[in-house]
Amino acid sequence: MNKDFIINSFETLRSETPLVHNITNVVVTNFTANGLLALGASPVMANAIEEVADMAKIAGALVLNIGTLTADSVEAMIVAGKTANQFNKPVIFDPVGAGATPYRTETARRILAEVNVSVLRGNAAEIANVIGEEWSIKGVDAGEGAGDVVSLAQKAAQMLNTVVVITGKQDIIANGKETFIVENGHPILTKVTGTGCLLTSVIGAFTAVEDNLMEATTAALVCYGVAAEIAAEIKGQEGPGSFQIEFLNQLHHLSSEKIQLLAKVKIQ
Amino acid sequence: MNKDFIINSFETLRSETPLVHNITNVVVTNFTANGLLALGASPVMANAIEEVADMAKIAGALVLNIGTLTADSVEAMIVAGKTANQFNKPVIFDPVGAGATPYRTETARRILAEVNVSVLRGNAAEIANVIGEEWSIKGVDAGEGAGDVVSLAQKAAQMLNTVVVITGKQDIIANGKETFIVENGHPILTKVTGTGCLLTSVIGAFTAVEDNLMEATTAALVCYGVAAEIAAEIKGQEGPGSFQIEFLNQLHHLSSEKIQLLAKVKIQ
Amino acid sequence: MNKDFIINSFETLRSETPLVHNITNVVVTNFTANGLLALGASPVMANAIEEVADMAKIAGALVLNIGTLTADSVEAMIVAGKTANQFNKPVIFDPVGAGATPYRTETARRILAEVNVSVLRGNAAEIANVIGEEWSIKGVDAGEGAGDVVSLAQKAAQMLNTVVVITGKQDIIANGKETFIVENGHPILTKVTGTGCLLTSVIGAFTAVEDNLMEATTAALVCYGVAAEIAAEIKGQEGPGSFQIEFLNQLHHLSSEKIQLLAKVKIQ
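What you see is a predicted model; the values in this text were computed from it and never measured.

Caption draft 1: Seen up close, the overall build of chain A. A tally of helices and strands in chain A yields 11 helices and 11 strands. Compactness check: chain A gives a C-alpha radius of gyration of 17 Å against a globular reference of 18 Å for 268 residues, within 12% of the reference. In terms of its C-alpha atoms, chain A occupies a principal-axis envelope of roughly 40 × 40 × 35 Å. Here chain A, with 268 residues, has 65% of them falling under the buried criterion. Excluding contacts between residues fewer than 6 apart, the proportion of contacts in chain A whose partners are at least 24 apart in sequence is 71%.

Right under this line is the structure:
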């Protein structure tokens, strides 16, 4: 698979520093903002109902994340999402913990019903729960599912008419027609909180500069995974604390050359 | 004192990766989640009244922390706490800043009145204020108290009929009958925000896998302190930033051998 | 310019460990608390309307920051601010993102109208928007403005009758009569989220121990900038992740000797 679109998206992101509006959870706000800054995007967090529409209008993309949802933040997400739809800004949604409690599952489905989501990203359990498939979940981490993850992504993409990303050992990107598989990344990412949430925001940054959602999303996953691999190579042995810091460093030091060398992406 | 129960609890935690439900403050969410992950537990943060009961049911333990309490979060804590009680899940409570403002003191007492708390952890000033003893406090940090900390812990444990942990130069664990003292840890912990809060959540992780509350709590304090000592030895001279990161690394690299070698625990 | 007042303020801060009450945004709470601790101050975060007045009374300074403002937090800021005024505690205000949305601009002006603010700190775009000057802004970061930043600071100080700090390549401190310029700091600070917010809280810490607001603020900017320069020298090449951690280390290791050697401050 030709990697030019990945490098082009990355170069565009670096030159445009897109503003990414995040309505996200209180666990990952700092890490998300630092990760977006390190990559070369411009993060903003704003979740007051009084201003989310105004912020969504001026941002290049909107990221919604229900990791620590409250009634107020959900209303803000929907207002922001509808505004983004109206102004043709991509909306990226991370249904953190869907399936863990009825409130999360219902809220995830409500957001998908009321907002036109451009890209939905979750682990297999979350995506399965959103579309009503059987899958086990424990807390906000993916449980062990015996299902076929590629089929799940394709089914969800068709049902929801959106780009669906399921991350795990392999990352699957499906839009109901095409399916791409990214094999970058590193297991130590699961030892740092918010790495999935930051990835969702990074997808937002790429969709802000590249209209082709499959390409933008794939580029995001590759860039994220390549930076993680390099960081794990340098600091992974020291532990998850050191890895987390080095990962921010490597998002900052990412380059077209590194992407060209390390990208592992294929068409399913 | 035989250290086998510490190592057994630690090994069980590592093999079971218990889900710990935290309703905690916005300063320490990220550090708490990363600390629990590094240790080998599975953290979840959820504080919406709509879902806290559902989350408390599926978690192995519930941790309540009033560090940045609001009226809404306090109601959620009480709902979650009562649910945890109903399903026999241990509830660990950290009355951050009790005594600093009347609202914190009253809320701490209200939670202790309405929820059956398994383990109460604080510094001497917080515990004293909760039970109405004289003790000075400045902000959310312990003031200088002339009192006898061991007697304070024992008195609080008897009054509240719970396990009480007072952390400081020495850590005291009392249940009104027995009193254990842990001498692990390092002064640099006081230079990193949220180290007390993370410790409370780590106690939650141990109580999720070990029914004997005195042993679970003692094991938590020893493991935490041993990881801190090793981290301080390696990176303490560099400063609190480097220590914080290395502490996450060392929670991850903790082992039965290190615990056996470094645990300092005695019966009072 | 004689640097003695900087060193005196720094030494006083270290010996008094002032309590700084922060009502700040959810992105920077942890970094702010750790930065204040590393410097030698004592941070407390409290934003419940039920307790902010009590906390403001016992703190040495109050810091207000609208980075992730909500209707509730704004009310709490005003109650806390009025209480601080009543008890003659300095109030430091950071109008994060003023100009990015009408809600932020209006809220920033409302706080300035209802609370007697001792020091206002922002980037040029934020300060310009607060006083109704033309300036571009993108998200919460300063846009490119062609204006004369020194004149802007002086004008804002006169209009608002407060000390105004505009940070950027140079840091300007103006009170309508005198204007100081600090040339410490490092560009990598812009790659770490919350460095402006932490600086505002550090100003709070210095005003808690030094009554002369121009001197306290200047001392804060110099100390912050010196620590950043040393951290950038040691770890800047590694990237923003490593810099962030080393910056906390260097706030901790700051000394009068380093300040004497590296302070760059002049009268305009």
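Caption draft 2: Fine view of the relation of the copies chain A and chain C. Laying chain A over chain C is done by rotating through 120° and shifting 0.0 Å along the axis; what remains is an RMSD of 0.0 Å. Interpreted geometrically, this transformation is the action of a three-fold axis. Relative to the rotation axis, the C-alpha of Val26(A) is the closest in chain A, positioned 3.7 Å from it. A different interface surface on each copy is seen, since only 7% of the contact residues of chain A are contact residues in chain C too.

Caption draft 3: Local environment of the interface of chain A and chain C. Listed by partner, the interface residues are 27 residues for chain A and 30 residues for chain C. Of the roughly 2200 Å² buried at the junction of chain A and chain C (both faces included), carbon and sulfur atoms supply 57%. When the buried surface of chain A facing chain C is broken down by residue, Asn30(A), Leu37(A) and Glu51(A) rank first, second and third, together holding 21% of it. Linking chain A with chain C are 1 salt bridge, by the criterion used here. The partner of Arg104(C) in a salt bridge is Glu51(A), with the nearest N and O atoms 2.8 Å apart. Where chain A packs against chain C, one counts 11 residue pairs in polar contact (both at pLDDT 80 or more). Where the side of chain A that touches chain C is concerned, the elements lending two or more residues are helix 2 (29–39), strand 2 (42–45), helix 3 (52–58) and helix 10 (240–253) of chain A. At 6 residues, helix 2 of chain A tops the list of elements feeding residues into the side of chain A that touches chain C. Across the side of chain A that touches chain C, the residue classes break down as 14 nonpolar, 9 polar and 4 charged.

Caption draft 4: Examining the pattern of salt bridges more closely. Within this structure, the stated rule accounts for 27 salt bridges over all chains. A network of salt bridges, in which partner residues are shared, links Glu75(A), Lys82(A), Arg110(A) and Glu114(A).

Caption draft 5: Representation of the interface of chain B and chain C in the model. Contacts between the two partners involve 30 residues from chain B, matched on the other side by 27 residues from chain C. Taken together, both faces of the contact between chain B and chain C bury some 2200 Å²; the carbon and sulfur share is 57%. At the boundary of chain B with chain C, the tally comes to 1 salt bridge. At the surface where chain B touches chain C, the tally comes to 11 residue pairs in polar contact (both at pLDDT 80 or more). Mapped onto the side of chain B that touches chain C, the elements with two or more residues apiece are helix 5 (102–114) and helix 10 (240–253) of chain B. At 5 residues, helix 10 of chain B tops the list of elements feeding residues into the side of chain B that touches chain C.

Caption draft 6: Broad picture of the environment of Lys169(A). Residue and element names in this part refer to chain A. Within the secondary structure, Lys-169 sits in the loop between strand 8 (163–166) and strand 9 (171–174). In this structure Lys-169 comes out as exposed when scored by relative accessible area, which is 87%. Sequence-wise, Lys-169 and Val-182 are 13 residues apart; in three dimensions their C-alpha atoms are separated by 9.4 Å.

Caption draft 7: Region of interest: the environment of Lys3(A). Residues and elements named next belong to chain A. Tracing the backbone through its elements, the reader meets Lys-3 in the segment before helix 1 (4–16). Sequence separation between Lys-3 and Ser-151 is 148 residues; the distance between their C-alpha atoms is 25 Å. Setting aside residues up to four positions removed in sequence, Lys-3 forms contacts with Gln-260 and Ala-263.

Caption draft 8: Fine view of the packing of helix 9 (residues 213–235) of chain A against helix 10 of chain A. Residues and elements named next belong to chain A. Running from amino to carboxyl end, helix 9 crosses helix 10 at an angle of 130°, the nearest separation of the two axes being 8 Å. Taken as axis vectors, helix 9 and helix 10 run oblique relative to one another. Note on packing geometry: the crossing formed by helix 9 with helix 10 is right-handed. The segment helix 9 lies against helix 10, with Tyr-224, Ala-227, Ala-228, Ile-230, Ala-231, Ala-232, Ile-234 and Lys-235 engaging Ser-242, Phe-243, Glu-246, Phe-247, Gln-250 and Leu-251. Here the residues of the contact of helix 9 with helix 10 are counted per class, giving 10 nonpolar, 2 polar and 2 charged.

Caption draft 9: View of the relation of the copies chain B and chain C. With an RMSD of 0.0 Å, chain B superimposes on chain C once it is rotated by 120° and translated 0.0 Å along the axis. Different-surface contact between copies: only 7% of interface residues of chain B are shared with the interface of chain C.

Caption draft 10: Examining the UniProt feature "binding site: substrate" (unreviewed entry) in chain A more closely. In the numbering used here, UniProt assigns the "binding site: substrate" (unreviewed entry) feature to Met45(A) and Gly194(A). When you line up the elements, Met45(A) lands in strand 2. Non-local contacts of Met45(A), meaning those with residues more than four positions away in its chain, are made with Asn22(A), Thr24(A), Thr29(A), Thr32(A), Ala33(A), Val27(C), Gly67(C), Thr68(C) and Arg104(C).

Caption draft 11: Just the packing of aromatic side chains, in detail. Scanning all chains against the criterion turns up 6 aromatic pairs over all chains. Look at Phe243(B) and Phe247(B): their rings are 5.7 Å apart centre to centre, the planes differ by 10°, and that puts the pair in the stacked class. A residue pair is termed a helical-turn pair when its members lie 3 or 4 positions apart in one helix, as Phe243(B) and Phe247(B) do in helix 10 at 4 residues. Accessibility classification places Phe243(B) together with Phe247(B) in one group, the buried group. Through a chain of ring-to-ring contacts, three or more aromatic side chains come together here, namely Tyr224(A), Phe243(A) and Phe247(A).

Caption draft 12: Molecular detail of empty space enclosed by the protein. The tally for this structure, following the rule as stated, stands at 2 cavities of 30 Å³ or more. Put simply, the largest cavity is a space of about 340 Å³. In terms of lining, the largest cavity is formed by 27 residues, of which the most central are Asn30(A), Gln244(A), Asn30(B), Asn30(C) and Gln244(C). Those elements that place two or more of their residues in the lining of the largest cavity are helix 2 and helix 10 of chain A, helix 2 (29–39) and helix 10 of chain B together with helix 2 (29–39) and helix 10 (240–253) of chain C. Tallied by class, residues from the lining of the largest cavity come to 15 nonpolar, 12 polar and no charged. Quantified by volume, the second largest cavity comes out at close to 40 Å³. Looking at the second largest cavity, the residues that line it are Asn34(A), Ala38(A), Leu248(A), Lys191(C), Val192(C), Pro240(C), Gly241(C) and Gln244(C). When residues in the lining of the second largest cavity are grouped by element, the largest group, 3 residues, is from helix 10 of chain C. Tallied by class, the residues present in the lining of the second largest cavity amount to 4 nonpolar, 3 polar and 1 charged.

Reading the values: rules and limits
Numbers given to residues run from 1 along each chain, matching the order in which its sequence is written. Lettering for chains starts from A, numbering for ligands starts from 1, and both go in the order in which the items are written. This being a predicted model, a pLDDT of at least 70 is required before a residue's local features are given, and a value of 80 or more before pairs of side-chain atoms are given or counted; all residues contribute to the totals for chains, interfaces and linings. With hydrogens and water stripped out, all remaining heavy atoms of the structure feed into the side-chain values. The helix count covers DSSP runs of H or I at least four residues long, the strand count covers runs of E at least two residues long, and both are numbered beginning at the N terminus. Our radius of gyration looks at C-alpha atoms and nothing else; its globule reference is 2.2 Å times the residue count to the power 0.38. Each residue's exposure class comes from its accessible area (1.4 Å probe, protein chains only) as a fraction of the maximum for that residue type: buried when under 20%, exposed when over 50%, partly exposed otherwise. It only takes one pair of heavy atoms within 4.5 Å for two residues to be counted as in contact. Here the copies are matched by least squares. The fit uses the C-alpha atoms of residues with pLDDT of at least 70 in both. Summed over both partners, the accessible area lost on bringing two parts together, with a 1.4 Å probe, is the buried area. For this document, the term salt bridge refers to a Lys or Arg side-chain nitrogen within 4 Å of an Asp or Glu carboxyl oxygen. Definition of a polar contact: a pair of N or O atoms within 3.5 Å, with one able to donate and the other able to accept a hydrogen when the atoms are protein atoms, and with sequence-neighbouring residues admitted only if both atoms are side-chain atoms. Polar here means any residue other than Ala, Val, Leu, Ile, Met, Phe, Trp, Tyr, Cys and Pro, which are nonpolar, and Asp, Glu, Lys and Arg, which are charged; Gly is therefore polar. Axis lines are fitted through C-alpha atoms, for helices just across the contact stretch, and the angle between N-to-C directions can take any value from 0 to 180 degrees. The scheme is simple: roughly parallel for angles under 35 degrees, roughly antiparallel for over 145, roughly perpendicular for 65 to 115, oblique for anything else. Note: crossing handedness is left-handed where the near helix turns anticlockwise from the far helix by less than a right angle, and right-handed where it turns clockwise. UniProt positions are given in the numbering used here, feature names are shortened, and annotations may be inferred rather than shown by experiment. Any pair of Phe, Tyr and Trp rings, taking the six-membered ring for Trp, is counted once the centres come within 6.5 Å. Such a pair is stacked with planes under 30 degrees apart, edge-to-face with planes over 60 apart, and tilted for the rest. The pocket and cavity definitions rest on a 1 Å grid over protein atoms only: a 1.4 Å probe that fits but cannot leave marks a cavity, an open set with protein on both sides within 12 Å along at least five of seven lines marks a pocket, and residues lining either have an atom within 4 Å of a point. Grid points are joined across faces, edges and corners, and a volume is the space filled by probe spheres set on the points.

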